[in-house]
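# Observations on the model geometry
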Amino acid sequence: MFSATDAALEGFRLARHHPRAIAMWALTALVFNLAIMAVMIQLSGPAVAEMAALNRSGAVPDPAQSMAALGSMAVAYLVIAPLTLLFLAVFSGAIYRAATRPEQASFGFVRLGADEFRLLVVGLVVGLIGIVVVFAVSFIVAILGGIVGVAMSGGQPNFGAIAVTVILLYVAMFFVGMAFYVKFSFAGPMTFLSKRIDIFGSWRATSGRFWPLFGCYTLAVVLGIVVSLLGMAIGMAGMMAFGGTVASLFSADMSSLAAYFTPGMIAYVAVTSIFTGLTSAIYLGPAMAAYRAIHGAGGADVSKTFD
């Protein structure tokens, strides 16, 4: 029988049953985080550092210089985007494997093979669809919010009208984002279990259970945020223990790898990477747990079998 609460807590169950896997996931996250920052610094770090120095001095940046910095950042993100998709595919595969194939526990269930390739394709397609949907909804809500805000202010836009627009936009974005995730949440589990890419089957597989799944994933998100904030707090404490400051976290010197990776920054990244392993399980585990509770490993609806 499907229990939204039990599914939402799946990440904690995996952590309890597979503590060694959590350690491996933390190491994987650490390697990924270091690689991402290294790419960013190597491709755009000096330009970003120069722009930050100009902003701090109050000088007006040269337009050509600004465009060059933006161009270097765009190149960096073009490299980081596929790396991020690969990281998510590897993490998803490891978490799904921990939940369904306990006999494959070596290396913390982490693999890089056909399962991960299929999950990467699913993530890419669903991500692109999500971008289009979110952009369209944001555009519509912004227009409607602007109309409402202007009407409330008698034709003279003011702070209150702007606040109404922003609040409407964020509320709409949250519900649309969660609704989108609910409807496509089974795409990864279905693809992993069937060993074939199945994206739109998730829409049918979640039919009739939208609100229980919505509540399940919302609870998981809240728990994940709490754990993430805890990790950041401990990471900041670690940073300060090695001579860093909280301010240095938000204004790190990106001019070179040596300037960025101070002992304090390395401590922060190491601590938060440990929590990344757990939060990834918290975010990704519920979908597989919910799918298996409702449809079983074979895909048949078994949710009422034990009612």
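Here the structure is shown first, and the text comes after it.
Conventions used here
Residues numbered from 1 in each chain as written. Predicted model: local features only at pLDDT ≥ 70, side-chain atom pairs only at ≥ 80, totals over all residues. Heavy atoms only, no water. Phe/Tyr/Trp six-rings, centres within 6.5 Å; stacked < 30°, edge-to-face > 60°. Buried < 20%, exposed > 50% of the residue type's maximum accessible area, 1.4 Å probe, protein only. Helix = DSSP H or I, 4+ residues; strand = E, 2+ residues; numbered from the N terminus. Lys NZ or Arg CZ within 6 Å of the ring centre and 35° of its normal. Contact = heavy atoms within 4.5 Å. Patch = residues over 30% accessible without salt bridge, like charges linked within 9 Å, V, L, I, M, F, W, Y side chains within 5 Å. Areas by Shrake-Rupley, 256 points an atom, 1.4 Å probe, with all protein chains shown as cover. Salt bridge = Lys/Arg side-chain N within 4 Å of Asp/Glu carboxyl O. Axes fitted to C-alpha atoms, helices over the stretch in contact; angles between N-to-C directions. Parallel < 35°, antiparallel > 145°, perpendicular 65-115°, else oblique. Left-handed = near helix turned anticlockwise from the far one by under 90°. Nonpolar A, V, L, I, M, F, W, Y, C, P; charged D, E, K, R; others polar. Expected span 1.5 Å × (residues − 1).

With that settled, the discussion passes to the packing of aromatic side chains. Under the defined criterion, the tally for this structure stands at 16 aromatic pairs. Residues Phe174 and Phe175 carry aromatic rings whose centres are separated by 5.3 Å and whose planes lie at 80° to one another, so their mutual orientation is edge-to-face. Owing to a relative accessible area of 42%, Phe175 belongs among the partly exposed residues under this scheme. Note on Phe184 and Trp203: the rings are 5.7 Å apart at their centroids and 70° apart in plane angle, and the pair reads as edge-to-face. Of the two residues, Phe184 is situated in helix α6 (residues 159–184) and Trp203 in helix α8 (residues 201–205); the sequence distance between them amounts to 19 residues. An aromatic cluster is present here, built from Phe174, Phe175, Phe210, Trp211 and Phe214 joined pairwise through their rings. The ring of Trp203 has Lys183 lying over it, and the distance from NZ or CZ to the ring centre is 5.1 Å.

Tracing the chain through its elements places Glu10 in helix α2 (residues 10–17). Taking relative accessible area as the criterion, Glu10 reaches 7% and is therefore assigned buried. Measuring from C-alpha to C-alpha, the distance between Glu10 and Leu284 comes to 8.8 Å, with 274 residues separating the pair along the chain. For Glu10, the contacting residues outside a window of four places in its chain are Ala99, Gly285, Pro286 and Ala289.

Judged by side-chain polarity, Leu43, Val75, Val79 and Leu83 come together as a nonpolar surface patch covering roughly 270 Å² of accessible area. When residues of the nonpolar patch are assigned to their parent elements, the largest contribution, three residues, is made by helix α4 (residues 63–100). Within the secondary structure layout, Leu43 lies in helix α3 (residues 19–57). For Leu43, a relative accessible area of 37% gives the class partly exposed.

Let us look at the packing of α2 against helix α12 (residues 263–295). Relative orientation of the contacting elements α2 and α12 amounts to 115°, with a least axis distance of 6 Å. Of the possible angle classes, the one that applies to α2 and α12 is roughly perpendicular. The handedness of the crossing between α2 and α12 is right-handed. Contacts from Glu10, Gly11, Phe12 and Ala15 in α2 reach Leu278, Ala281, Ile282, Gly285, Pro286 and Ala289 in α12. Taken together, the residues of the contact of α2 with α12 break down into seven nonpolar, two polar and one charged.

A word on the pattern of salt bridges. Counting across every chain of the model gives six salt bridges. A salt bridge links Arg97 to Asp115; the nearest nitrogen and oxygen atoms lie 3.3 Å apart. Placement of the pair is Arg97 in helix α4 and Asp115 in helix α5 (residues 114–152), with a sequence separation of 18 residues. Each of the two residues, Arg97 as well as Asp115, counts as buried.

Its 32 residues place the ends of helix α9 (residues 210–241) 46 Å apart at the C-alpha level, agreeing with the 46 Å of an ideal helix rising 1.5 Å per residue. Among the residues of α9, Leu213, Phe214, Cys216, Tyr217, Ala220, Gly224, Val227, Gly231, Gly235, Met236, Gly238 and Met239 are the ones counted as buried. Downstream of α9 by one or two residues, Gly243 has phi in the positive range, about 95°.

It is worth stressing that arrangement in space is one thing and function is another; only the former is reported here.
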